[in-house]
Amino acid sequence: MEAIIRGENIRFSYDGAEVLKGINISIGRGRMVGLLGANGAGKSTLLKILCGILNLKNGRLFYKTEEIKKLDKRELAKKIAYVPQSSTFGFPFTVAEVVLMGRAPYIGRFEFERERDLEAAFNAMRTVGIAHIQNRLVTEISGGERQLVSLARALAQEPEIMILDEPATFLDIKHKTEIMKLLNRLKEERNISVVAATHDIFSALFYFDEIVVLKDGMVFAEGIAEEILKENIITAVYGIGVSVRREGGKIFILPME
């Protein structure tokens, strides 16, 4: 399978403290990969490296066959979109204006938005279900709606890969399910690769093609959900005893008293 992003021996430190300790990772084209791990395992750091926010000093990172550090930043921004865990908007932009910011890689320094850019932004809002609030200010909508705005902005980039840090953080169970289904649909219909960090083990069971589990800055386990989400792995990573049951083709994960 073609790897759209591949990392070799990725290491990263903050103030001398090593956070990532030699990670190898490969993301296939049109795959949905879940990144699991306890707080402090290195998930957010790895995502920021994969999308180029943090510069890699140790190890190698490839987009298809080219090292990312050799690629033009503007061209790379057309291929890789990042959605942070939470978005803070300091200015009272409208929803439509924020989503249109996703078109920045396509607009020259002294150019204005073209019809194609406006169309892409509107299609992105419609896809995530926020077209009806496009004229509202982002400072006056809920945290969940702001997360949808961030997702639409990333989608407006028309990327080949979307990298998301806890994409459903502020959403209730209904909207969380809708977001996961949407990401899955984007994968199926547009062949977009999706990499998402999540604490939601149950979402991992249902929506991700593959799971990568981090522990102490290293890959602890990887594979399909049914292979990875086992009692010994969950207990080792999260420090809690669980019972994993399989009934009627479904998997149930229950905490042990």
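Residues numbered from 1 in each chain as written. Predicted model: local features only at pLDDT ≥ 70, side-chain atom pairs only at ≥ 80, totals over all residues. Heavy atoms only, no water.

What follows is about the packing of aromatic side chains. Note on aromatic pairs: each is described by the distance of the centres and the angle between the planes. Scanning all chains against the criterion turns up two aromatic pairs. Of note, Arg6 hangs over the ring of Phe62, and the distance from its end group to the ring centre comes to 4.3 Å. Over the face of the ring belonging to Tyr106 we find Arg103, whose NZ or CZ atom lies 3.9 Å from the ring centre. (Phe/Tyr/Trp six-rings, centres within 6.5 Å; stacked < 30°, edge-to-face > 60°. Lys NZ or Arg CZ within 6 Å of the ring centre and 35° of its normal.)

Because an α-helix packs 3.6 residues into every turn, residues spaced three or four apart end up facing the same way. Taking 1.5 Å per residue as the helical rise, helix α6 (residues 173–190) with its 18 residues ought to reach 26 Å, and the 25 Å between its terminal C-alpha atoms agrees with that figure. Looking only at α6, the buried set comprises Ile179, Met180, Leu182, Leu183, Leu186 and Lys187. End-on, the buried residues of α6 take up no more than an arc of 150°, which puts them together on one face. Among the exposed residues of α6, those oriented more than 90 degrees off its buried face are Ile173, Lys174, Lys181, Glu188 and Glu189. Directly beyond the C-terminal end of α6, a positive phi value near 60° is found at Asn191. (Helix = DSSP H or I, 4+ residues; strand = E, 2+ residues; numbered from the N terminus. Expected span 1.5 Å × (residues − 1). Buried < 20%, exposed > 50% of the residue type's maximum accessible area, 1.4 Å probe, protein only. Arc of directions from axis to C-beta.)

The volume enclosed by the largest pocket comes to roughly 190 Å³. Lining the largest pocket are 13 residues, and of these Asn55, Leu56, Leu61, Ile68 and Lys69 sit closest to its centre. Broken down by element, the residue count for the lining of the largest pocket peaks at three residues, all from strand β4 (residues 58–63). Here the lining of the largest pocket is built from residues that sort into five nonpolar, three polar and five charged. (1 Å grid on protein atoms, 1.4 Å probe; cavity = no way out; pocket = protein on both sides within 12 Å on 5 of 7 lines; lining within 4 Å. Points joined across faces, edges and corners; volume = space filled by probe spheres on them. Nonpolar A, V, L, I, M, F, W, Y, C, P; charged D, E, K, R; others polar.)

Topologically, Glu113 is positioned in the loop between α3 (95–100) and α4 (115–128). On the basis of relative accessible area, Glu113 is assigned to the partly exposed category, the value being 42%. Separated by 55 residues in the primary sequence, Glu113 and Asn58 place their C-alpha atoms 38 Å from one another. With near-sequence residues (within four places) excluded, Glu113 lies in contact with Leu100, Ile107 and Leu118. (Contact = heavy atoms within 4.5 Å.)

Our focus in this paragraph is the pattern of salt bridges. All told, the structure shown has 19 salt bridges when counted by the stated rule. Among the salt bridges present, the one from Lys79 reaches Glu160, with a minimum N-O distance of 3.8 Å. Pair noted here: Lys79 is in the loop between α2 (73–77) and β6 (80–83) and Glu160 is in the loop between α5 (143–156) and β7 (161–165), with a separation of 81 residues, a long-range link. Given a relative accessible area of 16%, Glu160 falls into the buried group. We note a salt bridge from Asp117 to Arg114, for which the minimum N-O separation is 3.3 Å. By relative accessible area, Asp117 is classed as buried at 0%. Beyond isolated ion pairs, a larger network of salt bridges with shared partners links Arg103, Arg114, Arg116, Asp117 and Glu158. (Salt bridge = Lys/Arg side-chain N within 4 Å of Asp/Glu carboxyl O.)

Before going further, it helps to examine the nonpolar core. Among the nonpolar cores identified, the biggest contains 55 residues, and Val99, Ile130 and Leu229 are the most heavily contacted of them. At seven residues, α5 tops the list of elements feeding residues into this core. Sequence-distant contacts of Val99, that is, excluding residues within four places in its chain, are made with Ala121, Ala124, Met125, Ile130, Val149, Ala152, Arg153 and Ala156. Judged by nonpolar contacts, the second largest core, of 30 residues, contains Val33, Leu50, Ile163 and Val212. (Core = buried A, V, L, I, M, F, W, Y, C linked by side-chain atoms within 4.5 Å.)

Taken in spatial order, the four strands make up an open sheet running β2-β1-β4-β5, and their pairing is antiparallel. Sheet topology places β2 (17–28) and β5 (66–67) at the edges, where each strand pairs with a single neighbour. Of the pairings in the sheet, the one linking strand β1 (residues 3–14) to β4 comprises five bridges and is antiparallel in character. Bridge assignment links Glu8 to a residue of β4, and that residue is Arg60. Contacts between helix α1 (residues 43–50) and the sheet are confined to β1, β2 and β4, with β2 contributing the most and set at about 55° to the helix. (Pairing = 2+ DSSP bridges. Axes fitted to C-alpha atoms, helices over the stretch in contact; angles between N-to-C directions.)

A separate point is a nonpolar patch on the surface. There is a patch of nonpolar side chains on the surface, built from Phe91, Phe93 and Met101 and spanning about 290 Å² of accessible area. Secondary-structure assignment places Phe93 in the loop between β6 and α3. (Patch = residues over 30% accessible without salt bridge, like charges linked within 9 Å, V, L, I, M, F, W, Y side chains within 5 Å. Areas by Shrake-Rupley, 256 points an atom, 1.4 Å probe, with all protein chains shown as cover.)

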